[in-house]
Amino acid sequence: MAKTVKILTKNWEKKDSYLLATYLQDGGYETARNVVTKYSPDQVTAQVKQSGLRGRGGAGFPTGVKWGFLPKDKKKPVYLCCNADEGEPGTFKDRYIMELDPHMLVEGMIIASFAIGCKLAFIYIRGEFDLPKLRLEAAIDEAYRAGYLGKNIFGTDIGLDLVVHAGAGAYVCGEETALIESIEGKKGQPRLKPPFPAVVGLFGCPTIVNNVETLAAVPWIIKNGGEAYAELGTAQSKGTKLFCVSGPVNKPGVYECEMGYPLKALLEENCGGMKDGRRLKAVIPGGSSTPILTAKEVENLKIDYECCVLAETMLGSGAVIVFDETADMVDHLTTLAHFYAHESCGQCTPCRWGTHWCYQILKRINEGKGKFGDLELLSDVAANMMGKTICPLSDAAAVPILSFLKKFRPEFEAKIKA
Amino acid sequence: MPKATINGREIEVAQGTTILAACEEIGVRIPYFCWHPALSIAGNCRMCLVEIEKFPKLVIACNTVVTEGMIVHTNSDKAKKGQQGVLEIMLANHPLDCPICDQAGECMLQDRYFEFSLQKSRFIEEKVEKPKRKYLSDKIVYDGERCILCSRCVRFSDEITKDSQLGIFQRGAHSVVDVFPGKTLTSDYQLNMVDICPVGALTSVDFRFKCRAWYLVPTASICTKCARGCSIIADHKGDRIFRYRPRKNPYINSFWMCDEGRLSYKEIEGNRCTKPLVKNVRGKLSVASWDDAIQIVVKRFKEFGGASITGIASAYETNEANWALKKLLSGGFGSTNFSATAENIGKGEGDQFLKLEDKTPNRFGIKKLGFTFNPLSTEKSRGIILMGDDISTESLEKVEFLVVISPYMTEIAKKADIVFPSAHAVEQFGSYVNFEGRVQKTEKAVRAPGEAIPAYQILALIGQAVSLSIPTCPAAIFKEINKENDAFNLISWKDLDPCGASTKA
């Protein structure tokens, strides 16, 4: 087993890891203190740029570059929103960060806020996350009492407030503009882009939306330097990533790996191999919205952004969903299609009706009422849903349909013939 | 001013113009549903997809600004396929209501399907059931299954009437437009939403099931319920008007009109005068021939002499009728006594949007023609020609001979000696001046009932009886008005823009 650098998970095994007292033992909040008292915002952004940190929510956009999109004039207040909506099926890493090490996120947000000039930051947390929200709010409380948040943080004249805002059960609110709309008290529906949030975001002001994992990596990057982070990982995928493995493996869970780690090693060594000695059939590497790969295709797959693209899939959120030989792919795809149809916000035509139509066709096939021509129709509808909508939910819904059909078509045909 | 190419055609547009707006300017047809020139951009129907060279994906034309050197294709194979794909998905859940849907014949979905798709349906699943026939108020019915959720009505309620009475509830394929719990639509402009609804999701309770759109003939006219004079279209079949709709006029009413004005088409079926009436020896009005009635008028007026006759101009009548009144009395009977609708007559409640307190369509017109209100003196008003019904009971008692020209059998008309039946605005060609001094013309949509004719023609007939030539054609009268009156000094009737023109102060 390769030695795993522990950046994000370093405190997870400690007792009461989520308490401030525990966090302080290992130099917690020292980096934030240094940044706020000694650095300039530009220095922080430069380090993050140099680190090559990419957005960990799924899009993989270079974080330092995103921060650089903010307008240079300070005409309007700048907001930082942490995307803790974690809705991508198969993903459960952010919840662990918030449950086990919320202070790392808080410290990351303090540093990020300083870099972008934000005085009021939000954590948009998924409404279903009971424990993570409790832990997060308790941690923020501790941080306020310790003077790390509030009017004069770390004894400076800088003020920073951090607010936890709970969602109410909408996957679409993980999309940055829908998230912003939700915080504004409106229906969680994505906005047209352009304008982009960095220019017109929360309350019409420049806003940066970053994933929990992205922000949680910031303290380590600043403490050890962007270069050190860039030494880990591969040419274009720097640092470490949390991978959530679910499915019939012996040890499912969250694993921190350096970018470029072989997927096979993750499954066989870290996760202890397939349960009951069954054969691997397929893997979805980055959450249900990424194309599925057959067992053969993951033989030599290294998990980083570039290799996944070469394998015609995506790293996505790092949610590794495993299927074994007993998996009924038609049934699984129907479940996924149901999810997307349920979660569509309904604003634009292709997604609203397309997700529903696809689900209905799959349900019919799954129940044994499939007809000749259904698969062509399904592919066509899914293809029609791509590249035409306000937000990528429609694409995310179409991708599994097209990839399941591409890789496991015989199973679908069998159900129709039956 | 960026220069770009659309479908091979080079254009130059103002900075910030979207592709869709540019196409509208140059007459290139792009399909769309949710875009409306008077509302904010929603970009949710995804119908206006176009291809831009060097862009990886299709973009929506309504929200993409034209930039220098952009090369746009609205009808390339890729763009067409995108548009057809969206239409197919939109039609997948649309009920086949056309045979019973009022919108048929003026439905944007039908029209776009025929123009941009013509694909056979491949949808064999169960369509989503939603509330049909939900009364959002006593004026509007909503059909959730026909609704394409373009949000035009919601945006209208937010941005135009600014009362935010509509919202889209639920999510995904179960989304519906609705009023808030326990509420109804209360705006006096709500029926505009029926106009802008691209499909038959919002229908007018008043118009529902009354007439198929393709039987209706649209005629340009003016609403006469207040001094704004919104430009309208009178839709009629034969001699029956079925509805008014607003006509786009950027100077007066934009795309809108109030519901009160919209539903006022019914009033022309009110208590109408249809034949000339003469008060007989027993004091009762009885039907007479035009000749007989006119002869009596000429005889009595000649007896009185010009100094004792007064003409009362009406703020409810056309410029042509009022001008003819002046011509007739001065040229035909030598009278210089005139009055007009009193200032306090024809006033009501206005609002912050289009409705004005002044409920007369031509008060400003008669002012420009030189008429003002003058209290009637007994010596000068032994004989009166009154257009409309603005005369005090006091004066009524002192008048010896009252001639009334009116479309309606009013209480005053009942007391007249002679009644001539005149036409309503929508039954004649005539011009009116609105509160901002803008003159507009109406076109004749339907025939007036019975023997009623435009007031200016009635006055011309009387003129003929005293050998005075008054034109009977409104264009000719309009020309005379323009010659004599500085304020009007406008172009000809023929060339008068459908949106009207400004008179001078």
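What you are looking at is a predicted structure, and each value in this text was computed from that prediction instead of being measured.

How each quantity is defined
Residues numbered from 1 in each chain as written. Chains lettered and ligands numbered in written order. Predicted model: local features only at pLDDT ≥ 70, side-chain atom pairs only at ≥ 80, totals over all residues. Heavy atoms only, no water. Helix = DSSP H or I, 4+ residues; strand = E, 2+ residues; numbered from the N terminus. Buried < 20%, exposed > 50% of the residue type's maximum accessible area, 1.4 Å probe, protein only. Contact = heavy atoms within 4.5 Å. Areas by Shrake-Rupley, 256 points an atom, 1.4 Å probe, with all protein chains shown as cover. Lys, Arg positive; Asp, Glu negative; His and termini not counted. Charge placed at Lys NZ, Arg CZ, Asp CG, Glu CD. Buried area = accessible area lost by both parts, 1.4 Å probe. Salt bridge = Lys/Arg side-chain N within 4 Å of Asp/Glu carboxyl O. Patch = residues over 30% accessible without salt bridge, like charges linked within 9 Å, V, L, I, M, F, W, Y side chains within 5 Å. Pairing = 2+ DSSP bridges. Axes fitted to C-alpha atoms, helices over the stretch in contact; angles between N-to-C directions. Phe/Tyr/Trp six-rings, centres within 6.5 Å; stacked < 30°, edge-to-face > 60°. Lys NZ or Arg CZ within 6 Å of the ring centre and 35° of its normal. Expected span 1.5 Å × (residues − 1). Bend = angle between axes of the 7 residues up to and from the residue. Polar contact = N/O pair within 3.5 Å; in protein donor to acceptor, adjacent residues only side chain to side chain. Core = buried A, V, L, I, M, F, W, Y, C linked by side-chain atoms within 4.5 Å. pLDDT = per-residue confidence, 0-100. Parallel < 35°, antiparallel > 145°, perpendicular 65-115°, else oblique. Left-handed = near helix turned anticlockwise from the far one by under 90°. Nonpolar A, V, L, I, M, F, W, Y, C, P; charged D, E, K, R; others polar.

## Here's the deal with the overall build of chain A
Along its length, chain A carries 16 helices and 11 strands. Taken along its principal axes, the extent of the C-alpha atoms in chain A is 70 × 45 × 35 Å. Taking all 418 residues of chain A together, the buried fraction comes to 61%. Contacts in chain A between residues far apart in sequence, at least 24 positions, make up 71% of those at least 6 positions apart. When the accessible surface of chain A is summed, it comes to about 16,100 Å², and 55% of that surface belongs to carbon and sulfur atoms. Of the charged side chains in chain A, 49 are positive and 49 negative, and the gap between their average positions amounts to 2 Å.

## Observations concerning the environment of Y244(B)
Residues and elements named next belong to chain B. As for its position among the elements, Y244 is in strand β13 (residues 240–246). Sequence spacing of Y244 and A234 is 10 residues, and the spatial spacing of their C-alpha atoms is 4.7 Å. When near neighbours in sequence (up to four residues on either side) are disregarded, Y244 contacts I232, I233, A234, M257, G261, R262, S264, Y265, H424 and V426.

## As for the interface of chain B and chain A
Each side of the interface is counted separately: chain B has 37 residues, and chain A has 32 residues. Between chain B and chain A the total buried area reaches about 2,800 Å² when both faces are included, carbon and sulfur atoms providing 55% of it. Summed over the shared surface of chain B and chain A, the number is 3 salt bridges. For R171(B), the salt bridge identified is with E343(A), shortest N-O distance 3.3 Å.

## Some words on a positive patch on the surface
A contiguous patch of positive charge, built from K49(A), K72(A), K74(A) and K119(A), is present on the exposed surface. Checked against the element boundaries, K119(A) lands in strand β2 (residues 118–125).

## Observations regarding the environment of G64(A)
Residue and element names in this part refer to chain A. By secondary structure assignment, the location of G64 is in helix α4 (residues 63–67). Here G64 falls in the buried class, since its relative accessible area comes to 2%. Between the C-alpha atom of G64 and that of T45, which follows or precedes it by 19 residues, the distance is 5.8 Å. Among residues more than four places away in sequence, those in contact with G64 are T45, V48 and K49.

## Some thoughts on the sheet that holds strand β11 (residues 319–324) of chain A
Residues and elements named next belong to chain A. The strand order across the open sheet built from 5 strands is β6-β5-β11-β8-β9, with neighbouring strands paired in mixed fashion. One side of each edge strand has no neighbouring strand; the edge strands of this open sheet are β6 (253–258) and β9 (293–294). Note: strand β5 (residues 240–246) against β6, 6 bridges, orientation antiparallel. Directly across from L242, in β6, lies its bridge partner E256. Against the sheet, helix α5 (residues 93–100) touches β5 and β6, its axis set at about 110° to β5.

## Focus: the packing of aromatic side chains
In total, this model carries 28 aromatic pairs over all chains according to the counting rule given. Taking the centre distance of 6.4 Å and the plane angle of 90° together, the rings of F323(A) and F404(A) count as edge-to-face. Residue F323(A) is located in strand β11, and its partner F404(A) is located in helix α16 (residues 393–417); the two are separated by 81 residues in the primary sequence. For the residue pair F323(A) and F404(A), the accessibility class agrees, reading buried in each case. Between the aromatic rings of W214(B) and Y215(B), the centroid separation amounts to 6.2 Å while the plane-to-plane angle is 55°, which identifies the pairing as tilted. Residue class for Y215(B) comes out partly exposed when judged on its relative accessible area of 46%. Among the aromatic residues, those joined into a cluster by ring pairs are Y23(A), Y29(A), Y148(A) and F154(A). Above the ring of Y305(A), the side-chain terminus of R54(A) is found at 3.9 Å from the ring centroid.

## A look at α16(A)
Look at α16(A): only 31 Å from first C-alpha to last across 25 residues, short of the 36 Å you get at 1.5 Å a residue. A bend of about 90° at F408(A) is the largest found in α16(A), and the proline P410(A) appears one to four places after it.

## A word on unusual backbone geometry
With an omega of 5°, the peptide bond between K193(A) and P194(A) qualifies as cis. Structurally, the position occupied by P194(A) is in the loop between α8 (176–183) and β4 (207–211). Look at the link from P194(A) to P195(A): it is a cis peptide, with omega at 5°. Structurally, the position occupied by P195(A) is in the loop between α8 and β4. You will see that N7(B), though not glycine, has its phi angle at about 50°, which is positive. In this structure, N7(B) sits in the loop between β1 (3–6) and β2 (9–12). At Q170(B), a residue that is not glycine, the phi angle is positive and equals roughly 65°. Residue position: Q170(B) is located in the loop between β8 (166–169) and β9 (176–179). Exposure remark for Q170(B): the relative accessible area of 55% places this residue in the exposed category.

## Examining the environment of T64(B)
All names here are of chain B. Its place among the elements puts T64 in the loop between β4 (59–60) and β5 (71–73). Spatially, the C-alpha atom of T64 lies 25 Å from that of S157, the residues being 93 residues apart in sequence. Those residues in contact with T64, other than ones at most four positions away along the chain, are T17, T18, I19, I52, V59 and M70. In this structure the side chain of T64 is engaged in a polar contact, spanning 2.6 Å, whose partner is the backbone oxygen of I60.

## A word on the side chain of K355(B)
Residue and element names in this part refer to chain B. Mapped onto the fold, K355 is located in the loop between β17 (337–340) and α9 (363–368). The exposure class of K355 is buried, given its relative accessible area of 13%. Aside from chain neighbours lying at most four places away, what touches K355 is D188, Y189, C226, C258, E260, E349 and G350.

## Comments concerning the nonpolar core
Nonpolar side chains in soluble globular proteins tend to be buried together. With 82 residues, the main nonpolar core has I19(B), F33(B), L166(B) and L202(B) as its most contacted residues. Top contributing element to this core by residue count: helix α1 (residues 19–26) of chain B, with 5 residues. Among the nonpolar cores identified, the runner-up in size contains 63 residues, and L136(A), I153(A), C244(A) and V254(A) belong to it.

## Focus: the confidence of the model for chain B
The pLDDT averaged across chain B works out to 94; a share of 100% of its residues lies at or above 70. Among the prediction metrics, the complex's ipTM stands at 0.91, with pTM recorded as 0.93.

## A few points about the sheet that holds β2(B)
All names here are of chain B. In spatial order, the strands read β2-β1-β5-β3-β4; together these 5 strands make up an open sheet with mixed pairing. Strands with a single pairing partner mark the edges of an open sheet, and in this sheet they are β2 and β4. By the bridge criterion, 2 bridges tie strand β3 (residues 49–52) to β5 in an arrangement that is antiparallel. What sits directly across from E51, in β5, is H73. Helix α2 (residues 77–92) contacts β3 and β5 of the sheet and is inclined by roughly 160° relative to β3.

## Considering the packing of helix α8 (residues 319–333) of chain B against helix α12 (residues 455–465) of chain B
Residue and element names in this part refer to chain B. One can describe the packing of α8 onto α12 by two numbers: an axis separation of 8 Å at closest approach and a directional angle of 15°. The orientation of α8 relative to α12 falls into the category roughly parallel. Here α8 and α12 pass one another in a crossing that is left-handed. Only A455, Y456, L459, I462 and G463 of α12 make contact with α8, whose side of the interface consists of E320, A321, A324, L325, L328 and F333. Grouping the constituent residues of the contact of α8 with α12 by class yields 9 nonpolar, 1 polar and 1 charged.

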